[in-house]
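Architecture and fold: a report
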Amino acid sequence: MSGAGTTAAAKEAAGGKTTGAKETSAVSLASTLVALLALAGLSLALRYAHLGAFGLPVAMIIAAAKAVLVAVFFMEILVERVTVRLAMSTGIVLVGILLALIAADILTRETPPLSNPPGTEPRDRG
Amino acid sequence: MSARAATHFEDLERQEQAARLGMWVFLASEILFFAGLFALYFAYRNEHPRGFDLGIARNTIAWGSVNTAVLLVSSYTVALAVHELRRGKRAAAAWLVGATVALGACFLAVKTGEYLEHFHEGIYPAGAGAFFAENDEPGIKMFFTLYFCMTGLHAIHVIVGMGVLATLLVRVLRGSIVPAASYPLAIGAVYWHLVDVIWIFLWPLFYLTPGGVR
C-alpha cells in the first residue's frame, strides 16, 4: 500500500511550519478500516472452525496484524521521527523480553505442581 | 487565528516534536503496563486451560464482537478527523471527533451491560459470587479476576480517552486548535488508537479462543 503521501492541501494548511505534514490519504484510511474489519471477521469465523490448541496463536497473529495496520496507517508511526520510533521500539522489545522469559519459565517446568503439597493432609485422619 | 509556540520553545516545530515524543513515551509505558497483565493471563491459562475454556464460554461472543467493530470504526473516525483538520475542514473534524466520543460511549454501554449480566449470574471479581460455588474448576476464578481487571482497566482508558477527545473537540470548535498546528488532535488520536490496539488483543483472549480441552 502506498498510503503515506504529502498532499498539497496539507502543506498549504500546515504553512510549512509543522512536521505533521506527511499524512495518510483518506483512501488509505478507509482501506485500513475495511482491512481491519475483514481481519476481525476472519478471527470471528475461525472461532467456529474449532482449531483447538492452534486457535490462540492464530488469533494472536491476526491481532498483531491488526495492531500493525493501526500503528502504520492510523497512528502514522512510520512518518514519526527516529526518537519517537526509538521510544516505541524500546517498549516493544522490553515486552518481548518479558513474555519470552515468562514463556521460558512456564514451558520448561519439568514437574507439574503437586496436587497435595506436603503438610496439607487432613489432620483428623484416623 | 494563528498558532504560536510557547515561550520556552524555539519554534512551533520543536514544540510539536516534544509533545509527540512525550505521548509516545507514555504509550510505550502503557504497553509495558498492560504487558504484565497479558503475561499473567498466558501463564495462568497455560496452568489451567480447562478453567479458562469454561470462562471464555461464559462470555457473549456477540457483545465482544460488536465492541470490536465499534472501536475499530472509532479509530477510523478519529484518524479521519485529523486528516480533515489538516486540510482545513474544521467543521468536519469536529463532527468526526464527536462521533468518536459517541462510539466510545457505545462501547462503555455494551461493556456495562456485560458486567451487569455477569453480576446477575453471580460472577464478581476476585472469585466472589455464587457462580464459583457451583463451578469450582481450577483457574476459573483467576480467569474472571483477570477478565474484570484487564477489561476494567481498558474501560478506564476508554473513559480517559473520551475526556481527552471531548476537550480537544471543544478546542477545535473554539478555534484554539487550527489546521496550521493540528498536532494536539493528532496526539490525542494516537492515544485513542492505543486504546483500540489493546482491545484488539483482549477480544480474542476473552471471547474467541477456547483451547478445545476435553
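These remarks concern the structure in this document.

On to the nonpolar core, then. Ranked by size, the top nonpolar core spans 76 residues in total, and within it Val78, Ala81, Val97, Val172 and Leu185 of chain B carry the most contacts. Excluding anything up to four places from it in sequence, Leu185 of chain B contacts Ala81, Val82, Leu85, Leu168, Val172 and Ile177 of chain B.

To continue, consider the interface of chain B and chain A. With 47 residues of chain B at the contact, the number on the chain A side is 47 residues. Counting only elements with at least two residues in the side of chain B that touches chain A, the list comes to helix 1 (12–47), helix 3 (61–86) and helix 7 (183–208) of chain B. Ranked by residues supplied to the side of chain B that touches chain A, first place goes to helix 1 of chain B with 16 residues. Considering only residue class, the side of chain B that touches chain A consists of 29 nonpolar, 12 polar and six charged.

Between the first and last C-alpha of helix 4 (residues 82–107) of chain A there are 36 Å, a value that for 26 residues agrees with the 38 Å anticipated at 1.5 Å per step. Check the buried side of helix 4 of chain A and you find it contacts helix 1 of chain B.

Here the focus is the packing of helix 4 of chain A against helix 1 of chain B. Packing of helix 4 of chain A against helix 1 of chain B brings their axes to within 9 Å, and their N-to-C directions diverge by 10 degrees. When the axis of helix 4 of chain A is compared with that of helix 1 of chain B, the two are roughly parallel. Handedness of the crossing formed by helix 4 of chain A with helix 1 of chain B: right-handed. Residue composition of the contact of helix 4 of chain A with helix 1 of chain B, grouped by class: 20 nonpolar, four polar and one charged.

What counts and what doesn't
Residues numbered from 1 in each chain as written. Chains lettered and ligands numbered in written order. Predicted model: local features only at pLDDT ≥ 70, side-chain atom pairs only at ≥ 80, totals over all residues. Core = buried A, V, L, I, M, F, W, Y, C linked by C-beta atoms within 7 Å. Buried ≥ 20, exposed ≤ 12 C-beta atoms within 10 Å, placed from the backbone. Contact = placed C-beta atoms within 7 Å. Helix = DSSP H or I, 4+ residues; strand = E, 2+ residues; numbered from the N terminus. Nonpolar A, V, L, I, M, F, W, Y, C, P; charged D, E, K, R; others polar. Expected span 1.5 Å × (residues − 1). Axes fitted to C-alpha atoms, helices over the stretch in contact; angles between N-to-C directions. Parallel < 35°, antiparallel > 145°, perpendicular 65-115°, else oblique. Left-handed = near helix turned anticlockwise from the far one by under 90°.

It is worth stressing that arrangement in space is one thing and function is another; only the former is reported here.
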